[in-house]
Amino acid sequence: MSRQKATMEHDQSGTLMNPVNPSALGAATGQRSQGEPGEVAEAERGTAPEQARLRQGIMHVRIRHFYCTLEEMANPALRGLPFVVGTGTGRPNEPGRVIDASPAAVRLGIVPGMPLRRAYRLAPRTLFLPASYERYQPVLQRLRECYRACSHIVESLPLADAFIDLSGCSQPVASPVLLAQRLSSEIAALGLTALIGIANGKTIAELAALVSRKDGRQGILYIPPGREASFVQSLPLTLLLQLHSGEPGMAGGRDGDAEGAGLRPTWTPEIESRAERFEAEELAELVAHLRDFGITSFAQVAPLSPDGLERRLGRLGRWLHRLAQGEDYSLVIPDAPPLSQNARIRFPHAADADETCAAIHKLGEYLAGRLREQRLKGRVVALLLWPARPRRDTRRLLLDEQGEEAIARAAEEAIGGQITLERHTNESDVLINHLLMLFAHYHCSGTRYLQVLARIGDIITAVTPYYPPAARARGRPTRRLDLSTRKLNGER
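Computed from a prediction, not measured in an experiment: that's the story for all the values here.

Trainee: A description of the pattern of salt bridges should follow, citing residues and the corresponding values.
Mentor: Summed over all chains, the structure comprises 10 salt bridges. Across the salt bridge formed by Glu 155 and Lys 202, the nearest N and O atoms sit 3.1 Å from each other. With a gap of 47 residues between them, Glu 155 in strand 7 (residues 154–156) and Lys 202 in helix 8 (residues 202–210) connect regions that are remote in the sequence. Note on Glu 155: relative accessible area 1%, which makes it buried. Of the residues examined, Lys 202 reaches a relative accessible area of 2% and is grouped as buried. Two residues, Glu 427 and Arg 423, come together in a salt bridge whose shortest N-O distance is 3.8 Å. On the accessibility criterion, Glu 427 (38% relative accessible area) is partly exposed. By relative accessible area, which is 48% here, Arg 423 ends up partly exposed. Overlapping salt bridges bring together Arg 62, Asp 161 and Glu 206 as one network.

Next up, the structure:
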C-alpha cells in the first residue's frame, strides 16, 4: 500500500489526461481514440466511490410523437390535424410504412409501423408527409447529449427513446426523481414531451413510462425497489402491446446489482442480452391467447404456475410470470463499446517497485469493475510506466516532406508494452496478473516511478443476443415427432 495519497484518473474512451510521447503511447497500446477526461478519485480509496454508489435503477425515456412534433414546429398549420410521417416519399399509394402519427391520427386507428396503404384505407382524409431526416438529426443529437449527461450507459431505441442505467452516472444520484425532472425540463426546452419511468429493470421502467401521465401524474413515475410486483400487478396485459419494438428483457442476471438493490433472485440467470427480440405479433398472440381464458391483467398471471405457462407459451410464458412477480433483471447495454478503458495513478513522490505493484493491483481491480459495470470485456492489456530519472533525449533519423533525411529529437518519458489475451475478459485476477507480468518485464532493479497507467483495449460487449422460440412453442415434442426421432436413431 502507498504510504501517501496518490490520484487515480480514468477515461473510458482511451484519451490520456496529460500528453505523453506519442510514439511510446502508440507502441504500448496500438490504438488511440477520442474522448473527454473522466472523473478523478483517490487511489487510497480505490473503487470505494463506485462500490458505495447504490444502484438507482434504470430510466426509460419515451418521446411522444417525436417526428410529428418536429413537423408541427416547422409548420404550425399542422397542429391538431391528423397527419402521418412515412418512409420514402410518404405517399399512401407507394410501398412504405408509418414512422410516426399525430395524436389525431392515432385516434383514427393509425399506429407507427402500419403500412401506408392500410393507414390510407383507415383514414383517407389524413395528410401523408415524407420524413425530413436532415431536420430531425440536430434535435436527435441534442437528445443524445442530454441522455449521456445523465449516464454513460445509454441504450438508444428507435425514434428518440432510450434506456439509461443510472449506475453509470459520473456523480452519485441524490434522487432519481430529481434527475428525471431535470432531464424532462431539458427535453421540454427542445419543444418535446417526454414520458419517463424509473425502475430496477428495463421492462418495468418502460411500463412505468407508459402510465406516467395517468391519474394526475406529470410524466415521471418512479418504482422504488420492492414495489415492482404491486405496480406490475395493477396493470392490464394490453400494455405489452406498447412495449418498444416488442423487446422485453428476459432472464438477464446482474452481477451484484440485485444484491445492491436489496433483491435476491430465486432463479439462476442463464442469459444476458441487449434485449431478447419478440415480434409484435407474438406479444399480440400472447395477449389474445390469455384473453380467451379470461386472463386480462398481470394480477391474474401472478398466481399461475410458471411451468404451465412455459409449456403453453414457451419461454415467453415464463418471462411473463417473472414480470408479473416483479422480477426484471434485463440489462442496459451501451450503444457502442469504447475503444479502450484507461486508469492512471500519479504518485506524489518517486515510488518504489512495491508501491508501483500495489498501484497496478488497484488499477486492475478498478478497470475490471468498470468493464463489468458496463457489461464489457477486453482483450488487450497495456501498461505504461513513467520512471523517475533525468530526462533523456534520443536522436532518430526521419524523412521530411521532400524525402530528404532529417534528424528529430524525441523525449523518452514513458516505457511499457501490451499483451493480447487468448480471449476477452473482465475478470480482475486475469487483468492484474498480466499487468504485473508487463511490469516485471519492463522494470529494472532500483528504478522508481512517478506515475503508472493501465489500459484495456479491444473491448467488446460482454453479452450475446439470444432469440427464443416462438410464443406458442411446446415444451415437449408430440408423439408423432417423438416416434420419428426414435426411428432416425435406430430405436424401437
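Trainee: Residues and numbers for the sheet that holds strand 8 (residues 162–165), please.
Mentor: Within a sheet, each strand pairs with its neighbour through backbone hydrogen bonds, oriented either parallel or antiparallel. Read from one edge to the other, the open sheet built from 5 strands follows the order 7-8-3-9-10, with strand pairing classed as mixed. Edge positions in the open sheet fall to strand 7 and strand 10 (220–222), since each of these has one partner strand only. Strand-to-strand twist of the sheet, defined as the mean angle between neighbouring strand axes without regard to direction, takes the value 15 degrees. Of the strands in this sheet, strand 3 (58–63), strand 7, strand 8, strand 9 (194–199) and strand 10 are in contact with helix 8, which crosses strand 9 at around 140 degrees.

Trainee: Account for helix 16 (residues 428–442), naming residues and giving values.
Mentor: With 15 residues, helix 16 extends 21 Å between its outermost C-alpha atoms, agreeing within 8% with the 21 Å of an ideal straight helix rising 1.5 Å per residue. Restricting attention to buried positions, one finds in helix 16 the residues Ser 428, Leu 431, Ile 432, His 434, Leu 435, Leu 438 and Phe 439. Considering only its buried residues, helix 16 is in contact with helix 15 (353–373), strand 12 (376–387), strand 15 (415–425) and strand 16 (449–457).

Trainee: Let's hear about the side chain of Asn 342: which residues, and what values?
Mentor: Within the secondary structure layout, Asn 342 lies in strand 11 (residues 340–351). Of the residues examined, Asn 342 reaches a relative accessible area of 2% and is grouped as buried. A polar atom in the side chain of Asn 342 sits 2.7 Å from the side chain of Arg 455.

Trainee: Could you give an account of the nonpolar core, with specific residues and numbers?
Mentor: Where a protein is soluble and globular, its nonpolar side chains tend to be buried together. By size, the foremost hydrophobic cluster in this structure holds 36 residues, and its most contacted members are Met 59, Val 61, Ile 63, Phe 66, Tyr 147 and Leu 183. Per element, the largest residue contribution to this core is 7 residues, and it comes from helix 6 (residues 133–150). One finds Leu 207, Ile 223, Ile 295 and Phe 298 within the second-largest nonpolar core, a separate group that totals 31 residues.

Trainee: Could you give an account of the sheet that holds strand 4 (residues 83–86), naming the residues involved and the relevant values?
Mentor: One open sheet accounts for 3 strands, arranged 5-4-6; its pairing is mixed. The sheet is open, and its two borders are formed by strand 5 (98–101) and strand 6 (127–130), each paired with just one other strand. Across the sheet, the mean angle separating the axes of adjacent strands is 30 degrees when strand polarity is ignored. Summarising the sheet, strand 4 and strand 6 pair through 4 bridges and their orientation is parallel. Considered in strand 6, the bridge of Val 85 is made with Leu 129. In the packing of helix 3 (residues 66–74) onto the sheet, the strands contacted are strand 4, strand 5 and strand 6, and the crossing angle to strand 4 comes to about 110 degrees.

Trainee: Explain unusual backbone geometry to me, using residue names and the numbers behind them.
Mentor: A positive phi angle is found at His 65, which is not glycine, with a value near 50 degrees. In this fold, His 65 is placed in the loop between strand 3 and helix 3. Even without a glycine there, the phi angle at Asp 458 is positive, about 50 degrees. In this fold, Asp 458 is placed in the loop between strand 16 and strand 17 (460–461). Assessed through its relative accessible area of 32%, Asp 458 is described here as partly exposed.

Trainee: How would you explain the state of the cysteines if you had to name every residue and give the values?
Mentor: Applying the stated criterion across every chain, the model contains 0 disulfides. Left without a disulfide partner, Cys 150 is nearest to the cysteine sulfur of Cys 169, which lies 6.7 Å away. Judged by relative accessible area, Cys 150 falls into the buried class, the value being 4%.

Trainee: Residues and numbers for the packing of aromatic side chains, please.
Mentor: According to the stated counting rule, one finds 6 aromatic pairs in the structure shown. The interplanar angle of 50 degrees and the centroid separation of 5.3 Å between the aromatic rings of Phe 66 and Tyr 67 together place this pair among those described as tilted. Here Phe 66 falls in the buried class, since its relative accessible area comes to 1%. Taking the centre distance of 5.7 Å and the plane angle of 65 degrees together, the rings of Phe 439 and Tyr 449 count as edge-to-face. In this pair, Phe 439 is assigned in helix 16 and Tyr 449 in strand 16, connecting sequence segments 10 residues apart. Each member of the pair, Phe 439 together with Tyr 449, is buried. Feature note: the residues Phe 66, Tyr 67, Tyr 133 and Tyr 136 constitute an aromatic cluster, connected by ring pairs. Looking at Lys 202, its charged tip hangs above the ring of Phe 163, at a distance of 5.1 Å from the centre. Stacked on the ring of Trp 386, the Lys or Arg Arg 344 has its end atom at 5.6 Å from the ring centre.

Rules behind the numbers
Throughout this document, residue positions are counted from 1 along each chain, in the order its sequence is written. For this predicted model, a pLDDT threshold of at least 70 governs which residues receive local features, and a threshold of 80 or more governs which side-chain atom pairs are given and counted, while totals over whole chains, interfaces and linings are taken from all residues. The side-chain figures draw on all heavy atoms in the structure; neither hydrogens nor water molecules are used. Think of a salt bridge as a Lys or Arg side-chain nitrogen and an Asp or Glu carboxyl oxygen that are within 4 Å of each other. Numbering of helices and strands runs from the N terminus; a helix is a DSSP stretch of H or I covering at least four residues, while a strand is a stretch of E covering at least two. The classification of residues rests on relative accessible area computed with a 1.4 Å probe and restricted to protein chains. Under 20% of the type maximum is buried, over 50% is exposed, and intermediate values are partly exposed. When DSSP locates at least two bridges between a pair of strands, those strands are taken to pair. Axis definition: a line fitted to C-alpha atoms, over the contacting stretch in the case of helices. Angles run 0 to 180 degrees between N-to-C directions. Contacts: residue pairs with any heavy atoms within 4.5 Å of one another. In this scheme, a helix's expected span is set at 1.5 Å multiplied by one less than its residue total. Nitrogen and oxygen atoms within 3.5 Å of one another constitute a polar contact, given that in protein one can donate a hydrogen and the other can accept it, and given that sequence-neighbouring residues count only through two side-chain atoms. Put simply, a nonpolar core is a bunch of buried Ala, Val, Leu, Ile, Met, Phe, Trp, Tyr and Cys residues held in one set by side-chain atoms that sit within 4.5 Å of each other. Note on disulfides: each one is a pair of cysteine sulfur atoms within 2.5 Å. We call Phe, Tyr and Trp rings a pair once their centres come within 6.5 Å, taking the six-membered ring for Trp, and we label the pair stacked below 30 degrees between planes, edge-to-face above 60, and tilted otherwise. Here, over-ring charges are defined by two tests on the NZ atom of lysine or the CZ atom of arginine: distance to the ring centre within 6 Å, and angle to the ring normal within 35 degrees.

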